[in-house]
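# Geometric and topological summary
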Amino acid sequence: MVKKKSLFKALKILRPYQWSKNLLVFLPIFLAQDFNFQNFQVGLICFVVFSLTASIVYIINDIVDLKYDKKHRYKKFRPLASGLINLKECWLLIFVLLVIDLIFIKNLNINFYILIFIYFVFSNLYTLHLKKIIIIDIITLGMLYSFRVIGGGLVLDIPLSIWLISFSFFFFFSMASLKRLMEIIDGSKNINFQIPGRGYLKKDQYFISTISSSSGMLSVLILILYINSDDVQNLYSNSNILWGVCIVLVYWISRINILTTRHQIKIDPIFFALKDKISYLCLLTIITLIITSKFI
């Protein structure tokens, strides 16, 4: 019974629900349409490495943010802030995860080694300092999401176009902005309110909302330019169908921005999408359009 309780505490602080974000490593395989068992196997190892590395960063983040989390409306229920787990257990978990991570990563190429190292460094820089600097924190989050996509390409030696990298950054910059917007709206109505451990004020709400929606639409514009490139013409039988993907993305980005502004989204927008039926319908539509444009 005690062991089960300890396991539950460990899993909770690892935030396994966040690992779903690392499915982005499979995006290059899907877009390159290079499906085979070996690629899936290597992609799965890449997914595990990113997930374990992210969990290490989450634990470090909880240690660094302990005093802020105790005062936060929701974060005070995190395992460390609520006292479910102590600092000694946290450092032990970090050591165990690091060892497992090294066992998995030895099977991957040098380019991925470099990328995962940069990801780990930037993630911890974000935790220790960058998240306190306005705008820089959002840019860093957008980069960290993009690293997952780039990692999926590097680990399988799949060439990544500047279109995909640019789209990824601006799309995830938009999502990171929404995350900050949600935190600001969730804060006090006091004009001098400041998010604990962050640099944003209540009066920054309009600006953050603007850059979120504009960067989201910019990512769609990049996709439109990509659709008209020679790469797409050679890869898809009927690239015109991909315009439907742009329309779906415009709808989804606009909807999630409106829901955040109305305070109907109170968690990370990406995590919200993983629970949202309409988001799944949009994803299914996009996948269907991509497959259709390939074979029709």
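Everything discussed here concerns the structure shown above.
Residues numbered from 1 in each chain as written. Predicted model: local features only at pLDDT ≥ 70, side-chain atom pairs only at ≥ 80, totals over all residues. Heavy atoms only, no water.

Moving on to the pattern of salt bridges. Following the criterion strictly, the structure yields four salt bridges and no others. Between Arg15 and Asp62 there is a salt bridge; the shortest N-O distance is 2.3 Å. Highlighted residues: Arg15 in the loop between α1 (2-14) and α2 (27-32) and Asp62 in helix α3 (residues 37-64), separated in sequence by 47 residues. Take Arg15 and Asp62: they sit in the same class, and that class is buried. The residue Glu183 makes a salt bridge to Arg180 at a minimum N-O spacing of 3.1 Å. Of this pair, Glu183 and Arg180 both sit in helix α9 (residues 162-185), three residues apart, which is roughly one turn of the helix. Both residues of the pair, Glu183 and Arg180, count as buried. (Salt bridge = Lys/Arg side-chain N within 4 Å of Asp/Glu carboxyl O. Helix = DSSP H or I, 4+ residues; strand = E, 2+ residues; numbered from the N terminus. Buried < 20%, exposed > 50% of the residue type's maximum accessible area, 1.4 Å probe, protein only.)

A separate point is the packing of aromatic side chains. One pass over the full model with this rule turns up eleven aromatic pairs. Considering the side-chain rings of Phe50 and Phe112, the 5.7 Å spacing of their centres and the 75° angle between planes classify their relative orientation as edge-to-face. Here the residue Phe50 occupies a position in helix α3, and Phe112 occupies one in helix α7 (residues 110-128), the gap between them amounting to 62 residues. In this structure Phe112 comes out as buried when scored by relative accessible area, which is 0%. Three or more aromatic residues joined by ring pairs make a cluster, and in this case those are Tyr145, Phe167, Phe171, Phe172 and Trp252. (Phe/Tyr/Trp six-rings, centres within 6.5 Å; stacked < 30°, edge-to-face > 60°.)

Given a rise of 1.5 Å per residue, 23 residues ought to cover 33 Å, and the 34 Å separating the end C-alpha atoms of helix α10 (residues 205-227) matches this to within 8%. The set of residues buried in α10 consists of Ile208, Ile211, Ser212, Ser215, Gly216, Ser219, Val220, Ile222, Leu223, Tyr226 and Ile227. Here the buried face of α10 lies against α8 (136-155), α9, α11 (230-235) and α12 (243-261). (Expected span 1.5 Å × (residues − 1). Contact = heavy atoms within 4.5 Å.)

Any empty space left between atoms is shown by rolling a water-sized probe over those atoms. Put simply, the largest pocket is a space of about 1400 Å³. Every residue lining the largest pocket is counted, 43 residues in all, and those nearest its centre are Leu24, Leu27, Phe167, Leu283 and Ile286. Residue assignment for the lining of the largest pocket shows that the elements contributing at least two residues are α2, α9, α10, α11, α12, α13 (269-273) and α14 (277-295). If one sorts the elements of the lining of the largest pocket by residue count, α14 sits on top with seven residues. Looking at the lining of the largest pocket residue by residue, the class counts come to 37 nonpolar, four polar and two charged. (1 Å grid on protein atoms, 1.4 Å probe; cavity = no way out; pocket = protein on both sides within 12 Å on 5 of 7 lines; lining within 4 Å. Points joined across faces, edges and corners; volume = space filled by probe spheres on them. Nonpolar A, V, L, I, M, F, W, Y, C, P; charged D, E, K, R; others polar.)

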